[in-house]
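Breakdown of the fold
The chain contents come next:
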Amino acid sequence: MLDFVVIFTKGGVVLWNSNASSSSFASCINSLIRGVILEERNTEAKYFEEDHLAVQFKLDNELDLVYAAVFQKVIKLTYLDGFLADMQLAFKEKFGSITSAERLGEEYDFDREYRRVLSAAEQASAKQVKAPKAMRSFNESQKSKKTVASMLQDDKKTAEKRVNIQESPPPPSTTYPSSSSPQSKQDIIAESRRKMREKLGSSKKTSPIDTKPTKAAASEKAGKKPRVWDLGGNSKDAVLLDRSKDAPEDVQYQNINSELVGTMQGVIPDLDVESEDEAESSGNEDAEEELVQSKTNKRSGGGGGLLSYFKGIVGAKTMSLADLQPALEKMRDHLISKNVASEIAGKLCDSVATSLEGKQMGTFDSIASQVKEALTQSLVRILSPKRRIDIIRDALESKRNGRPYTIIFCGVNGVGKSTNLAKICFWLIENDFNVLIAACDTFRAGAVEQLRTHTRHLNALHPAAKHDGRTMVQLYEKGYGKDAAGIAMEAIKFANDTRVDVVLVDTAGRMQDNEPLMRSLSKLIKVNNPDLVLFVGEALVGNEAVDQLVKFNQSLADFSSNENPHIIDGIVLTKFDTIDDKVGAAISMTYITGQPIVFVGTGQTYADLKAINVNAVVNSLMK
């Protein structure tokens, strides 16, 4: 039932294999190495699927080997975990003494041990299937989870309710002075007549002059006057308040901030990162403080920060998952405090546990350094993009082919799509590309006017006189309430006719659960087939980042009729200057999509646009 069993190094060098069929499984194993082992994804399941095949694998960190079994996905094999563990023990028992330097040139005769281990695993599985099903114990049943206290509590509540009903006092009744003897029927009638006379007498005491309305009051009540609000305005003020067209005073600029011109030429600068010398000096200072603290107070567990979580781990032995579990819980809490989504933090801890389990550890210092190194490698591997997006290179290629380079911006409401579109537009102008902005946000009030203002500012910074008479930024708008896909199509056609280099398409913000708006976005992308789709997200979000990206990608795939739908290509991370060292959203977004973070917004001016720096993000997470 096993089609292919293989033992290979983490680098992909096959040491031994057994092929029960004539098919080749190289592509499946290569996909496992690229998608799971190198990126350390899905390490908890130890399971991988591709097409109709499934792979169950086990990692050996002591020898840096991987044991994998390939089988048909429709077959359910329950003995694979035990089989791979027994095969690992048998291989280590026979070839564990071979050093890593000699391991690649050695010939491995493992067929007899493999058949023995496989036969034992299949026999044990057959016995387990034939054995009668064991009865479930009381502790495993649902009834055991219902405590006596909960049952008593329910009875008590009903009893209290019954007592309250019985002892509830009768409604208060109004008493009147009467004789000690019970009243007769005539007395009750007389008392009722007396109350009636008192009621009629009180109504007659009111003066008719007071109740008769005057002519002035009657005229006031004849019609309701509308409320007049302060600064409310009228229909005559509508002309002055209409901002759909530029007024002459809006176009004239008194002061133009020309200091920004020339600051964004070439490649976008990276985020600032702490230098290695500063990191080492801060580490030495922390070590000195820990030494002083340990001398003055031996009971204080000395040292703070992330590495203090691993103080309970002792060295000089092979680490197991049980030894690492307390430290991994602390690490998970630390990552969540840095705004990493809880699900992603758990997977990161699993990858660290997988890389450390079974390794020989030395002293405490080496444990701390290896744990830190394992986490750093996982974070760097996640943030490193699978492919590099070079917009300038691709835009030049499109320009040589005689067509505009198109970028579509999408995201939820209020994350800064229009603002960061203007920053990217300024960067492109600095590199001598003329840009057309397509105003496809036809829903939000003021969206078109916002882009018109940005267009004026950018043309003021880069006037046509400095670029051989070329207008560097143009705005293509059709007002509000129109079809966004149609406007984008017309804008791209206009850019193609007028030889515009780049088209930036601004879309309306939409929540990931709004199906009609997600269908509209999918239609816009399908109809116009852009070169790049950028998702704009805030650096402030935590778990919400996972939900947004997963549902955006899923909607773009589900609502598109193409066989290969165009999903998100990259991420623009905004408001990065407001989060200090809580940079976990970058990890969450990149882990979910596998796509790179192309731009990072770090401020309020056109020049506040940076490229992601992996070292900067990792250092912030490790603080």
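Everything numeric in this text was worked out from a predicted model, so none of it was measured. (Residues numbered from 1 in each chain as written. Predicted model: local features only at pLDDT ≥ 70, side-chain atom pairs only at ≥ 80, totals over all residues. Heavy atoms only, no water.)

1. Here's the deal with the overall build of the chain
- Per the secondary structure count, the chain includes 22 helices and 13 strands.
- Here the chain holds 623 residues, and the buried ones make up 39% of them.
- Sequence-distant contacts, at least 24 apart, represent 74% of the contacts inside the chain between residues at least 6 apart.
- Taken as a whole, the chain presents about 37,000 Å² of accessible surface, with 52% of it coming from carbon and sulfur. (Helix = DSSP H or I, 4+ residues; strand = E, 2+ residues; numbered from the N terminus. Buried < 20%, exposed > 50% of the residue type's maximum accessible area, 1.4 Å probe, protein only. Contact = heavy atoms within 4.5 Å. Areas by Shrake-Rupley, 256 points an atom, 1.4 Å probe, with all protein chains shown as cover.)

2. So, the pattern of salt bridges
- One pass over the full model with this rule turns up 19 salt bridges.
- Arg194 is paired through a salt bridge with Glu191; the nearest N and O atoms lie 2.1 Å apart. In this pair, Arg194 and Glu191 both sit in helix α6 (residues 185–204), three residues apart, roughly one turn of the helix.
- Overall, Glu191 belongs to the partly exposed group, its relative accessible area being 24%.
- Among the charged side chains, a salt-bridge network with shared partners connects Lys94, Arg112 and Glu113. (Salt bridge = Lys/Arg side-chain N within 4 Å of Asp/Glu carboxyl O.)

3. Here we look at the packing of helix α20 (residues 543–558) against helix α21 (residues 584–593)
- At a minimum axis distance of 9 Å, the contact between α20 and α21 shows a crossing angle of 30°. Here α20 is positioned roughly parallel relative to α21, judged by the angle of their axes. In terms of crossing hand, the pair formed by α20 and α21 is right-handed. In this structure, α20 contributes Ala545, Val546, Leu549, Val550 and Asn553 to the contact, and α21 contributes Ser588, Met589, Ile592 and Thr593.
- Partitioned by chemical class, the residues of the contact of α20 with α21 number six nonpolar, three polar and no charged. (Axes fitted to C-alpha atoms, helices over the stretch in contact; angles between N-to-C directions. Parallel < 35°, antiparallel > 145°, perpendicular 65-115°, else oblique. Left-handed = near helix turned anticlockwise from the far one by under 90°. Nonpolar A, V, L, I, M, F, W, Y, C, P; charged D, E, K, R; others polar.)

4. Details of unusual backbone geometry
- With a phi close to 50°, Asn529 is a non-glycine residue in the positive phi region.
- Relative to the assigned elements, Asn529 resides in the loop between α19 (515–528) and β10 (532–538).
- Phi is positive for Lys575, which is not a glycine, with a value near 55°.
- By secondary structure assignment, the location of Lys575 is in the loop between β11 (570–574) and α21.
- The class of Lys575 is partly exposed, set by a relative accessible area of 29%.

5. Brief notes about the UniProt feature "domain: SRP54-type proteins GTP-binding" (unreviewed entry) in the chain
- In this structure's numbering, the residues bearing the UniProt feature "domain: SRP54-type proteins GTP-binding" (unreviewed entry) are residues 596–609.
- Helix makes up 0% of residues 596–609 and strand makes up 43%, while its end C-alpha atoms are separated by 16 Å. (UniProt positions renumbered as here; feature names shortened; annotations may be inferred.)

6. As for the pairing of strand β8 (residues 473–476)
- Note that strand β7 (residues 435–440) and β8 share four bridges and pair parallel. Bridging across to β8, Ile437 finds its partner in Leu475. (Pairing = 2+ DSSP bridges.)

7. Observations concerning the pairing of strand β5 (residues 65–72)
- When you tally the buried positions in β5, you get seven out of eight residues, the bulk of the element.
- The pairing of strand β1 (residues 4–9) with β5 spans six bridges and is antiparallel. Among the inter-strand pairings, Thr9 is bridged to a residue of β5, identified as Leu65.
- Here eight bridges tie strand β4 (residues 53–60) to β5, and the two strands are oriented antiparallel to one another. Each residue of the ladder has a partner; that of Leu53, found in β5, is Gln72.
- Counting the residues in the hairpin turn of β4 and β5 gives four residues, including Asp64, whose phi is positive at 55°.

8. Here we look at the sheet that holds β4
- The strand order across the open sheet built from five strands is β2-β1-β5-β4-β3, with neighbouring strands paired in antiparallel fashion. Each edge of the open sheet carries a strand with a single partner, namely β2 (14–19) and β3 (47–50). Across the sheet, the axes of successive neighbouring strands diverge by a mean angle of 20°, strand direction being ignored.
- Against the sheet, helix α1 (residues 26–37) makes contact with β1, β3, β4 and β5, and its axis sits at roughly 125° relative to β3, the strand it touches most.

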